Structure formats: structure tokens, C-alpha cells
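Below are the chains, spelled out letter by letter.
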Amino acid sequence: GAVVSQHPSRVICKSGTSVKIECRSLDFQATTMFWYRQFPKKSLMLMATSNEGSKATYEQGVEKDKFLINHASLTLSTLTVTSAHPEDSSFYICSANPRQSYGYTFGSGTRLTVV
Amino acid sequence: GEDVEQSLFLSVREGDSSVINCTYTDSSSTYLYWYKQEPGAGLQLLTYIFSNMDMKQDQRLTVLLNKKDKHLSLRIADTQTGDSAIYFCAESPGGATNKLIFGTGTLLAVQP
């Protein structure tokens, strides 16, 4: 089946530093990938849609300069949290849809803690 | 708006059936999904239903769709302790594949 691999699974960083999270589609090509954020005991909020070879589409209220997205190949999208602050601490999850009728496949998520 | 609503919590005894309900908002959603999330993990696709279907059954899982009322439910037969998790319904608004709108999530607690 379709697999989305996300790394790292857990990261702790200091305030002011940047963190890069990778999302890879292992056995299919994904021209589009999605980045979600989940707060504790809350639902998933779509942050942005990552488009291979072009700019990402950000949801309203998401800072583009804060959350940099790069989708350089058909199997890799990265999310970089720049100048991280404690309020950026959250669970970030990526997903891709191998084909419409199959359903979206999610990565295992990245727990970011900014101290 | 794009609010997809679910009840927050459901507690059942092992062996009983669980029914998790969801009310969605976009009548043009082509596919509706159920995902399971265990603590600290990503989301696992459980099942999905196409909008022109009323019911879909897959082993212990039964999905019912009432398109008129925009109501979706997930029934888990013979609920096991391993079914304890948060369950999210999700819709794909406008029939597009571009994004999912998730429900608020239902925490299912299965008592032995």
C-alpha cells in the first residue's frame, strides 16, 4: 500500500533556531502534499498545500515566512519552522493522496517542542 | 462554514458495538473518510465512502451516510480494547482532492 514517511518523529529545539521536517512518499509520486498541525486534544488544521515545482498554497492565518515549504521532487516535501518559538510547539503531520479513490495517507507525525 | 462536528467522547464495554457520529457541512464533498489516531501517532485511514453510497461495510466497520442530513456514522462491531483511540471523520469539500476538513475527533474508550 501507499506509504508516507515523515522524519524526525520527535525534535526538541531552542527558541530562535530552525527545524526542518521531511515528508516522503515511498512507493508513489505525489505532486501535492499537505501539511497539518495538531494541538493537544484538538483536531487537525491544514496549514498549507505543497505543490511540486511551484509555490505552496497557505491557509489563511498561516505565516508563509514562518513555515517554509519546499517540494523539490515528486517524492519529497519539507516543512521548515523558522525562528521557532515555544508557541510553535505542536504535532505536525504530512499527508498525500496516491489517487483520489484510495484515500489520503498520513505520515507518522513530528512532535516539535521548542524550549 | 467548514465545521465538521463530532461528539468528543464515547465509552463502551469490550464486545459491545460503538457508534461514532459526524455532521459535515459541504454537500458537494465527493468522499468522506474515517481516520483513527492512537496516542502520539499519525492517522490511519480506516475506511471511506463515496457520496453516492448510503452504506459501506468492511469487516467490523460499517459506515452509514445520510446525505440529506449531512450525517456520517461509523459503527464498530465487537469493540476491542485495541480500538481505543481518537476517531476523526473528514470531508473533501467541493469534490476536490486538494484538502481534507477534519472533524473535532471522538475519543473512544473501551472498558474491559
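A brief report on the enclosed structure follows. Being a predicted model, the structure only gives us computed values, none of them experimental.

What about the state of the cysteines?
Residue and element names in this part refer to chain A.
Here comes step 1: Evaluation of the coordinates by the stated rule reveals 2 disulfides over all chains.
Here comes step 2: Two residues share a disulfide in this structure: Cys23 and Cys94, whose sulfurs sit 2.0 Å from each other. Since a negative S-S torsion denotes a left-handed disulfide, the Cys23-Cys94 link at about 85° is right-handed. Separated by 71 residues along the polypeptide, Cys23 in strand E3 (residues 19-25) and Cys94 in strand E9 (residues 90-96) bring together distant segments of the chain. Of the two residues examined, Cys23 and Cys94, each falls in the buried class.
Here comes step 3: Not part of a disulfide, Cys13 finds its nearest cysteine sulfur in Cys94, a span of 18 Å.

Points about the pairing of strand E8 (residues 76-81) of chain A
Residues and elements named next belong to chain A.
Here comes step 1: Of all the 6 residues making up E8, 6 are buried; the element is thus mostly covered by neighbouring parts of the structure.
Here comes step 2: Across the two faces of E8 the burial is the same, with Leu76, Thr78 and Thr80 and Ser77, Leu79 and Val81 all buried.
Here comes step 3: Alignment of E3 against E8, held across 6 bridges, turns out to be antiparallel. Bridging across to E8, Glu22 finds its partner in Thr78.

Notes on the pattern of salt bridges
Here comes step 1: Using the criterion set out here, one finds 5 salt bridges over all chains in the structure.
Here comes step 2: For the salt bridge of Glu22 of chain A with Arg24 of chain A, the shortest nitrogen-to-oxygen distance reads 3.4 Å.
Here comes step 3: Judged by relative accessible area, which is 34%, Arg24 of chain A ranks as partly exposed.
Here comes step 4: Measuring nitrogen to oxygen at the nearest pair gives 2.9 Å for the salt bridge that ties Asp83 of chain B to Arg60 of chain B.

Thresholds applied
Residues numbered from 1 in each chain as written. Chains lettered and ligands numbered in written order. Predicted model: local features only at pLDDT ≥ 70, side-chain atom pairs only at ≥ 80, totals over all residues. Heavy atoms only, no water. Disulfide = S-S within 2.5 Å. Helix = DSSP H or I, 4+ residues; strand = E, 2+ residues; numbered from the N terminus. Buried < 20%, exposed > 50% of the residue type's maximum accessible area, 1.4 Å probe, protein only. Pairing = 2+ DSSP bridges. Salt bridge = Lys/Arg side-chain N within 4 Å of Asp/Glu carboxyl O.

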